[in-house]
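A structural walkthrough
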Amino acid sequence: MKLRPLLRRIFVSEELERQYTNIAKPVGTLGYDPWGLNVDTNIVTMALFKPIFEKYFRVETHGIENIPASGPALIVANHSGQLPIDGVLIAYALATRKVNPRIPRAMIERFFPTVPYIGNLLNQMGAVLGDPVNCAKMLGREEAIIVFPEGVRGSGKLYRDRYQLKRFGNGFMHLAMQHNAPIVPVGVVGCEETIPAIANIAPLAKMLGIPYAPIAIPFIFPAKVILNFGEPLHFEPGEITEDEVSKRVDKVKAEVSRLIDKGLHERKRVF
Amino acid sequence: MAARRKKTKPELLVTGAAGALAQQVIARLREKYKVIAVDFREQVYLGDDVPSYRIDVNKRGFEDIFRKHNITGVIHLGRMIASEENRMRRYNSNVLGSHRLLDLCHKYHIQKVIILSTYHVYGANAYNPALIDEGAPLKAAELTMDLIDSVELENLANIYLWKYPDLNITVLRPCNIVGPEVRNTMSLLLSSKYCPVLAGFSPMMQFIHIEDMAEAIVAVINSRDHRGIYNVATEDWVAYQEALDRCDCVKIPIWSVPPIAPRLISNMLQLKSFPPYLLNYFKYPVIIDGQLFRSTFGFTPKYSLDEIFSYYRNLKRRR
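Before going into details, it helps to say that this report is about the structure given with it.

What counts and how
Along each chain, residue indices are assigned from 1 in the same order as the chain's sequence is written. All chains are assigned letters beginning at A, and all ligands numbers beginning at 1, according to the order in which they are written. In keeping with the model being predicted, local features are shown solely for residues with a pLDDT of at least 70 and side-chain atom pairs are shown and tallied solely at 80 or more, while totals for entire chains, interfaces and linings include all residues. Side-chain numbers come from the whole structure's heavy atoms, not from hydrogens or water. Runs of H or I in DSSP of at least four residues are treated as helices and runs of E of at least two as strands, each being numbered from the N terminus. The globule rule is 2.2 Å times the number of residues to the power 0.38, and the radius of gyration it is compared with is taken over C-alpha atoms. Classification of residues uses two cut-offs on accessible area relative to the type maximum, computed with a 1.4 Å probe and protein chains only: under 20% is buried, over 50% is exposed, and between them is partly exposed. Contacts between residues were defined by any pair of non-hydrogen atoms, one from each residue, lying within 4.5 Å. Positive residues here are Lys and Arg, negative ones are Asp and Glu, while His and the chain termini are left out of the count. The term salt bridge refers to a pairing of a side-chain nitrogen on Lys or Arg with a carboxyl oxygen on Asp or Glu at a separation within 4 Å. Throughout this description, a polar contact denotes any pair of N or O atoms lying within 3.5 Å of each other; where both atoms belong to protein, one of them has to be capable of donating a hydrogen while the other can accept it, and for residues adjacent in sequence the pair is counted only when both atoms sit in side chains. Throughout, the accessible surface (probe 1.4 Å) given up by two parts as they are put together, summed over both, is called the buried area. Note on pairing: DSSP must find at least two bridges between two strands before they are called paired. With the strands aimed away from the viewer, a crossover counts as right-handed if its path from the first strand over the helix to the second runs clockwise. To obtain an axis, a line is fitted to C-alpha atoms, over the contacting stretch when the element is a helix, and the angle between two such axes runs from 0 to 180 degrees between their N-to-C directions. Here the expected span of a helix is defined as 1.5 Å times the quantity of residues minus one. Here the aromatic set is Phe, Tyr and Trp, taking the six-membered ring for Trp, and pairing holds for ring centres within 6.5 Å; pairs whose planes are under 30 degrees apart are stacked, those over 60 apart are edge-to-face, and all others are tilted. Residues with no salt bridge and a relative accessible area higher than 30% make up the patches, which join like charges within 9 Å and nonpolar side chains (Val, Leu, Ile, Met, Phe, Trp, Tyr) within 5 Å. Only the protein chains shown count as cover for residues, and all accessible areas are computed by the Shrake-Rupley method using a 1.4 Å probe. Note on definitions: the grid is 1 Å and covers protein atoms alone; a cavity is a set of points where a 1.4 Å probe fits but cannot get out; a pocket is an open set with protein on both sides within 12 Å along at least five of seven lines; lining residues have an atom within 4 Å of a point. Grid points are joined across faces, edges and corners, and a volume is the space filled by probe spheres set on the points. When residues are grouped by polarity, Ala, Val, Leu, Ile, Met, Phe, Trp, Tyr, Cys and Pro land in nonpolar, Asp, Glu, Lys and Arg in charged, and all others, Gly among them, in polar.

For chain B, the count of helices and strands is 12 helices and 13 strands. Since a compact globule built from 319 residues should have a radius of gyration of about 20 Å, the 20 Å found for chain B is in line with a globular shape. If you line up chain B on its principal axes, its C-alpha atoms span 65 × 40 × 35 Å. Going through the 319 residues of chain B one by one, you find that 58% of them count as buried. The contacts in chain B between residues at least 6 apart in sequence include a share of 75% that link residues at least 24 apart.

Below you can see the structure in the form of structure tokens.
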């Protein structure tokens, strides 16, 4: 496909090209990895996302250096805003950090692979079907993975529930322990205000086979976004009961909650 | 002295001998082994040193081959692919025929059996993880009854694998085998000028060159222990539509939603290379992890994806 290299030449700055030369990606001879990541597509979308990150959402990041320079890592964040904008912002922040940039992978809803064009595009950008096997295989290949343990409970929540963390699944903790991967907690502030939803039409969502059908103004508001990355958390591998796993998950959740509060405190105004 | 050495060559039975893969395998083995070639489609002549039979495994006379020769190993490549014949004939050949062959292997104390399966057994669905390993469930049968013979053949092989460990059964699940003379669905597509694609879907795929696949089979036969099930794939991946571009194919998009639409179109077109029961393999990825095979047998494929695709490009330019 000649379109991607052409777009790369047109849109990608020399600075971003230099940045990407420092990132090692385990891709095949044609630039793909097993999950469909394509380096050309990834860098082009990052280049196109630059003004959105810098000018539209005016993203502030604190503590991005807490993500390890290499090796497996789970970046665990709160999820919000109906669309996975928070995942793209975290990915952009990490891919463009000055020292030791990385291309992280984001776990996405099971619904996306069934959507024509969008599913493939997300895969080429680096998103991966949220399946424990995928996560385990990627940690085995020393990837940094963005995880939203709230899943659709978080992204689909209504405006009145903003910044209230929903239940965290335990899956990410099991994977972190199995692969001895540090967990970097992230508090995302601002995405809750990008697409405020006042209600969810659950029967319509069920009929369409989508996770939720929000009643919201079809516009993405330019809320100011603050990303706070916490210190990496290490959990000893080994056989423990599910209750003990849940307690560890609660520790991560509490840290994410603390980072959200920090971001809310730092935020001067919503827009 | 030379004549005595020739007599002591171990004897191998290769089924599906008229196929391109079998002939590549035989070419590599005939030096070290006495190869007996069998195919139900035709009697192939592969030289005076290769006894060749045209017979169906299900026929009574098939056992005479085991009586006449001192066979020590069997390479079962004679599998009807999904686009061949009808479901009943495929079941008879692939499942019942393989059952008989495995029974004979047990009866005649065969020491090594290789069974060629396919990555299709994993099934193509939206929730497939990538790098599927050998322990994953075989979900092809839930998609379509047209692939049930492939899954049943594997079940059968598994039963014999634990019941008769002396047979040293190795089941190989390769990704798309492509290259010169290969007549499977994927090779037919890559050879074609015009290729259907499902609009909006370009699943990741893996390809292995026929010569690399032949080397993989030879590696198994030369290493008699290591029974079990192995994926066979290279450490390289490409999206289906990009593979077509690289083979100079012209893509013909087919309306892909709702799922019934491409099924109706495929039924109408009656394309051998794009059958309705394989549509999901052009929609969702089935990416297998070949690491276990590569590390167990020290296997390193020689052909890159670009070399594979250049064969199909040149094929079109020669026409």
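For the rest of this paragraph, the subject is the side chain of Glu 134 of chain B. All names here are of chain B. Within the secondary structure, Glu 134 sits in the loop between β5 (112–116) and α5 (140–143). Buried charge without a partner: Glu 134 forms no salt bridge, and the closest opposite charge is Arg 173, 6.5 Å away. At 2.8 Å, the side chain of Glu 134 forms a polar contact with the backbone nitrogen of Asn 231. Every residue in contact with Glu 134, bar those within four places of it in the chain, is listed here: Tyr 122, Arg 173, Ile 229, Tyr 230, Asn 231, Asp 289 and Leu 292.

The next thing to look at is the interface of chain B and chain A. Residue-level contacts link 28 residues of chain B with 25 residues of chain A. Both faces combined, the contact of chain B with chain A buries some 2200 Å², and carbon together with sulfur accounts for 59% of it. Remark: the boundary between chain B and chain A carries four salt bridges. The partner of Arg 141 of chain A in a salt bridge is Glu 235 of chain B, and the shortest N-O contact between them spans 3.9 Å. If you look at where chain B meets chain A, you find eight residue pairs in polar contact (both at pLDDT 80 or more). No other element matches the three residues that helix α9 (residues 240–246) of chain B contributes to the side of chain B that touches chain A.

Within a regular beta strand, the side chains point alternately toward one face of the sheet and then the other, so they alternate between its two faces. All names here are of chain A. Alternating residues of strand β3 (residues 105–108) divide into Arg 105 and Met 107 and Ala 106 and Ile 108, and every residue in both groups is buried. Pairing geometry for β3 and strand β4 (residues 127–129), over three bridges, is parallel. Opposite Ala 106, over in β4, you have Ala 127 as the bridge partner. Between β3 and its parallel partner β4, the chain crosses via helix α5 (residues 118–125), and the hand of that crossover is right-handed.

Quick look at the sheet that holds strand β1 (residues 60–62) of chain A now. All names here are of chain A. As summarised here, the arrangement of the seven strands in space is β1-β9-β6-β2-β5-β3-β4, forming an open sheet in which the pairing is mixed. Every other strand in the sheet has two partners, leaving β1 and β4 as the edge strands with one partner each. Strand-to-strand twist across the sheet, computed as the mean angle between neighbouring axes with direction ignored, equals 25 degrees. In this sheet, strand β5 (residues 144–147) lies alongside β3 in parallel orientation, the contact comprising two bridges. Of the residues in β5, the one forming a bridge with Arg 105 is Ile 145.

On to helix α6 (residues 148–163) of chain B. The terminal C-alpha atoms of α6 of chain B lie 22 Å apart, and with 16 residues this matches the ideal 22 Å at 1.5 Å per residue to within 8%. Buried within α6 of chain B we find Asp 149, Ser 150, Val 151, Leu 153, Glu 154, Leu 156, Ala 157, Tyr 160 and Leu 161 of chain B.

A separate point is helix α10 (residues 242–266) of chain A. All names here are of chain A. Taking 1.5 Å of rise per residue, 25 residues should cover 36 Å, and α10 covers 36 Å from first to last C-alpha, within 8% of that figure. Along α10, the positions that sit buried rather than exposed are Val 245, Arg 248, Val 249, Val 252, Glu 255, Val 256, Leu 259, Ile 260 and Gly 263. Along its buried surface, α10 packs onto β2 (73–77), α8 (171–178), β6 (183–189) and β9 (226–229).

What follows covers the packing of aromatic side chains. Residue and element names in this part refer to chain B. One pass over the structure, following the stated rule, counts 20 aromatic pairs over all chains. Arranged with centres 6.2 Å apart and planes meeting at 90 degrees, the rings of Tyr 119 and Tyr 281 form a pair that is edge-to-face. Residue Tyr 119 is located in the loop between β5 and α5, and its partner Tyr 281 is located in the loop between α10 (260–269) and α11 (291–297); the two are separated by 162 residues in the primary sequence. What makes Tyr 119 buried here is its relative accessible area of 7%. With a centroid separation of 6.0 Å and an interplanar angle of 70 degrees, the aromatic rings of Tyr 230 and Phe 293 are classed as edge-to-face.

All names here are of chain A. Together, Ile 198, Ile 201, Leu 204, Met 207, Leu 208 and Ile 215 line one region of the surface with nonpolar side chains, adding up to about 590 Å² of accessible area. In terms of residue count, helix α9 (residues 202–208) provides more of the nonpolar patch than any other element does, three residues in total. Structurally, the position occupied by Ile 215 is in strand β8 (residues 214–216).

In this chain, Val 257 of chain B is followed by Pro 258 of chain B through a cis amide linkage whose omega measures -10 degrees. Mapped onto the fold, Pro 258 of chain B is located in the loop between β13 (250–254) and α10. Residue Asn 180 of chain A is not a glycine yet carries a positive backbone phi of 50 degrees. For Asn 180 of chain A, the position within the fold is in the loop between α8 and β6. Residues other than glycine seldom take positive phi values, yet Asn 168 of chain B does so here, at roughly 50 degrees. On the secondary structure map, Asn 168 of chain B appears in the loop between α6 and β6 (169–174).

It is worth spelling out the layout of surface pockets at this point. Residue and element names in this part refer to chain B. Computed from the structure, the second largest pocket encloses a volume of approximately 850 Å³. Considering the residues around the second largest pocket, the lining is formed by 43 residues, among which Arg 79, Ile 81, Val 182, Arg 183 and Asn 184 are closest to the centre. Going through the elements one at a time, α2 (20–29), α6, β7 (176–178) and α7 (185–191) are the ones with two or more residues in the lining of the second largest pocket. Among the elements that take part in the lining of the second largest pocket, α2 stands out by supplying three residues, more than any other. Across the lining of the second largest pocket, the residue classes tally to 22 nonpolar, 11 polar and 10 charged.

All names here are of chain B. Inspection of the secondary structure puts His 76 in strand β4 (residues 71–76). Its relative accessible area of 5% is what places His 76 among the buried residues. Here the side chain of His 76 touches Ser 98 through a polar contact of 2.9 Å, side chain to side chain. Not counting residues up to four positions away in its chain, the partners in contact with His 76 are Thr 15, Ser 98, Leu 101, Ile 114, Ile 115 and Leu 116.

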